[in-house]
Amino acid sequence: TCAPDEFVVFDANCQFEISDYSGFATASDNCANTITITQSPAAGVFVSGPSAVTLTAEDENGNTASCDFMIIPDDQTAPTITCPVDQQVSLNSSCAYLLLDYTSMATAADNCGTATVTQDVLVGTVVTAATTIMLTATDDNGNTEACSFDVIPEDNTPPTVTCPGDQLVEFDQNCQFELPDYKQQLVANDNCLNVSIVQDPDEGTIITTQTTVTMTVTDGNGN
């Protein structure tokens, strides 16, 4: 009499090494002779799917009887997955970033074949700040493993600025001119709408000759 079917787990190579099951059989003989039990396939053979094992009992007179049971391997090993490093990206002209499909950037493997990689945040999702993306590898038997990385948007776009035209002005009675604040005459724009303006020379500076005024517009990210 054989043991019941044996449910086993595949190894890292999607194989199972058959054990010696002869001790699991129950054998008896009418003449109480010595009974030898042999196994096919033999212990140590690797199988990659359900396999029948036959145990044969033989007495001293060459009489034999056999029984069978199944070895049923199951894949319970999760796939492996490695995510890309954190992604430094640039905000667009609307101060936003549209998430890409990052599944192809993952490295995934499975002991029993291939693994399918999925992404938790939808492709095309608009983000304006650092966002964590989780990638999950799933094998054909439903085993999963996940990893994550960050998408970090940065504002790398300089603001735009248009200066007023050259200013023809008149000296005062001291043959001098005091520079006014020209900031209000600028046309400045930025994709993330956060700018500061510096005038050089500054408002209130006294000049006595033709002078170039430089206006510098800086956004909140240092562009």
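Since we're looking at a predicted model, the values are computed, not measured.

Analysis parameters
Residues numbered from 1 in each chain as written. Predicted model: local features only at pLDDT ≥ 70, side-chain atom pairs only at ≥ 80, totals over all residues. Heavy atoms only, no water. Helix = DSSP H or I, 4+ residues; strand = E, 2+ residues; numbered from the N terminus. Rg over C-alpha atoms; globule rule 2.2 N^0.38 Å. Buried < 20%, exposed > 50% of the residue type's maximum accessible area, 1.4 Å probe, protein only. Contact = heavy atoms within 4.5 Å. Areas by Shrake-Rupley, 256 points an atom, 1.4 Å probe, with all protein chains shown as cover. Salt bridge = Lys/Arg side-chain N within 4 Å of Asp/Glu carboxyl O. Phe/Tyr/Trp six-rings, centres within 6.5 Å; stacked < 30°, edge-to-face > 60°.

Undergrad: Which residues make up the overall build of the protein, and what are the values?
TA: Counting its secondary structure elements, the protein contains zero helices and 20 strands. Since a compact globule built from 223 residues should have a radius of gyration of about 17 Å, the 39 Å found for the protein marks it as more spread out than a globular shape. Along the first, second and third principal axes, the C-alpha atoms of the protein reach 140 × 25 × 15 Å. Burial status across the protein gives 30% buried among its 223 residues. Considering only contacts within the protein whose residues lie at least 6 apart along the sequence, 57% involve residues at least 24 apart. When the accessible surface of the protein is split by element, carbon and sulfur atoms take 49% of a total near 13500 Å².

Undergrad: Could you give an account of the pattern of salt bridges, naming the residues involved and the relevant values?
TA: Inspection of the entire model under this criterion finds one salt bridge. A salt bridge links Lys183 to Asp181; the nearest nitrogen and oxygen atoms lie 3.6 Å apart. A relative accessible area of 30% means that Asp181 is categorised as partly exposed.

Undergrad: Explain the packing of aromatic side chains to me, using residue names and the numbers behind them.
TA: Inspection of the entire model under this criterion finds three aromatic pairs. Summarising the aromatic geometry, the rings of Tyr21 and Phe24 are spaced 5.9 Å apart at their centres and angled 55° between planes, so their arrangement reads as tilted. When its relative accessible area of 4% is taken as the criterion, Tyr21 is described as buried. Classification of Phe24 as exposed rests on a relative accessible area of 51%. Centre to centre, the rings of Tyr21 and Phe69 are 5.2 Å apart; their planes meet at 80°, and the pair counts as edge-to-face. Here the residue Tyr21 occupies a position in the loop between strand S2 (16-17) and strand S3 (36-40), and Phe69 occupies one in strand S6 (residues 64-74), the gap between them amounting to 48 residues. For the residue pair Tyr21 and Phe69, the accessibility class agrees, reading buried in each case. Cluster of aromatic residues (ring-pair linked, three or more members): Tyr21, Phe24 and Phe69.

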